[in-house]
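Close look at the chain arrangement
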Amino acid sequence: EWHRHNLKRKVAGLAPIDKGVFEERVAAYVSEKDQTRGKKKEHLSQKARDKQEKKEQEKKERLAAGLPERAEQQPEVELPDFNAMTEEEFMDWKVAHSEKLELSDSLFDRHSEENVSEALEYMAKQF
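Presented here is a report on the structure given in the accompanying data block.

Each value, and the rule that gives it
Throughout this document, residue positions are counted from 1 along each chain, in the order its sequence is written. Per-residue local features of the predicted model are confined to residues with pLDDT of at least 70, and side-chain atom pairs are confined, for both listing and counting, to 80 or more; whole-chain, interface and lining totals are unaffected and use all residues. Only hydrogens and water are set aside; all other atoms, that is, all heavy atoms of the structure, feed into the side-chain values. Under the scheme used here, helices are H or I runs from DSSP no shorter than 4 residues and strands are E runs no shorter than 2 residues, and both carry numbers assigned from the N terminus. Accessibility here uses a 1.4 Å probe with only protein chains present; expressed as a share of the type maximum, an area under 20% marks a residue as buried, one over 50% as exposed, and anything in between as partly exposed. Two residues qualify as a contact provided that any one of their heavy atoms is within 4.5 Å of a heavy atom in the partner residue. Here the Shrake-Rupley method, with its probe set to 1.4 Å, supplies the accessible areas, and only the displayed protein chains count as covering residues. Centre distance within 6.5 Å is the pairing criterion for rings of Phe, Tyr and Trp, where only the six-membered ring of Trp is used; planes under 30 degrees apart are then read as stacked, over 60 as edge-to-face, and the remainder as tilted. Charged residues are defined here as Lys and Arg on the positive side and Asp and Glu on the negative side; His and the ends of the chain fall outside this count. Salt bridges are defined by distance alone: a side-chain nitrogen of Lys or Arg within 4 Å of a carboxyl oxygen of Asp or Glu. Think of a polar contact as two N or O atoms within 3.5 Å of one another; within protein, one of them needs to be a possible hydrogen donor and the other a possible acceptor, and neighboring residues in sequence only count if both atoms come from side chains. Our arc is simply the arc of the directions from the helix axis toward the C-beta atoms. Excluding any residue in a salt bridge, patches collect residues exceeding 30% relative accessible area, merging like charges within 9 Å and nonpolar Val, Leu, Ile, Met, Phe, Trp and Tyr side chains within 5 Å. By convention, the point assigned to a charge is CZ for Arg, NZ for Lys, CD for Glu and CG for Asp.

1. Focus: the overall build of the chain
A tally of helices and strands in the chain yields four helices and zero strands. Mapped from its N terminus to its C terminus, the chain presents α and β elements in the order α-α-α-α. The buried share of the chain, reckoned over its 127 residues, is 9%. Of the contacts made within the chain by residues no fewer than 6 positions apart, 4% connect residues no fewer than 24 positions apart. Surface accessibility of the chain: about 12000 Å² in total, with carbon and sulfur atoms responsible for 53%.

Okay, structure coming up:
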């Protein structure tokens, strides 16, 4: 690694460094990376807790409103013979049976916001 590092420095027009300096730099980089990783994991675990709390709150609200804990799944649609359809018939069927989205809905998951700008902001953060 040290030799490879010095070759890259030579190509960049920089002077080589001795092995001791190289090992110090590697150790500093590794310890910095470990500290950053710990902070990232802490942030992610907080995000997961927030998401779980939100799900529990939504569940309580649904129960208080007299709704079931989960939204019921829609019944399966019987599929026609696509091979016998023309391209136009297929596209008409696909449009008629597709999920309708509002402007404030996320394109990537089932999340919905109050307005379009908040929906765009949500999608930019999440995806």
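Next comes the rest of the description.
2. Some thoughts on the packing of aromatic side chains
Considering all chains together, one arrives at four aromatic pairs under this definition. Ring geometry for Phe-82 against Trp-93: centres 5.1 Å apart, planes inclined by 75 degrees, an arrangement best described as edge-to-face. Here Phe-82 is found in the loop between α2 (19–64) and α3 (87–96), whereas its partner Trp-93 is found in helix α3, with 11 residues between them in sequence. Judged by relative accessible area, which is 31%, Phe-82 ranks as partly exposed.

3. A few points about the side chain of Asp-105
Examined against the element boundaries, Asp-105 turns out to sit in the loop between α3 and α4 (116–126). Although Asp-105 lies buried, it forms no salt bridge, and the closest oppositely charged side chain, Arg-110, sits 8.5 Å away as judged by the N-O distance. A polar atom in the side chain of Asp-105 sits 2.8 Å from the backbone nitrogen of Glu-102. Ignoring anything within four residues of it in the chain, the contact list for Asp-105 reads Lys-100, His-111, Ser-112 and Met-123.

4. Considerations on α4
One turn of an α-helix holds 3.6 residues; hence residues three or four places apart share an orientation. Among the residues of α4, Ala-119, Tyr-122 and Met-123 are the ones counted as buried. For α4, the angular spread of buried residues about the axis comes to 95 degrees, placing them on one side. Exposed residues lying more than 90 degrees from the buried face of α4 are Leu-120, Ala-124 and Lys-125.

5. Considering the pattern of salt bridges
Considering all chains together, one arrives at three salt bridges under this definition. A salt bridge links Glu-1 to Arg-4; its shortest N-O distance comes to 3.2 Å. Close ionic contact of Arg-110 with Glu-99 constitutes a salt bridge, the shortest N to O distance being 3.0 Å. Placement of the pair is Arg-110 in the loop between α3 and α4 and Glu-99 in the loop between α3 and α4, with a sequence separation of 11 residues. The exposure class of Arg-110 is exposed, given its relative accessible area of 71%.

6. Some remarks on a negative patch on the surface
On the surface, a cluster of negative charge is contributed by Glu-87, Glu-88, Glu-89 and Asp-92. Overall, Glu-87 belongs to the exposed group, its relative accessible area being 68%.

Structural measurements only, silent on function.
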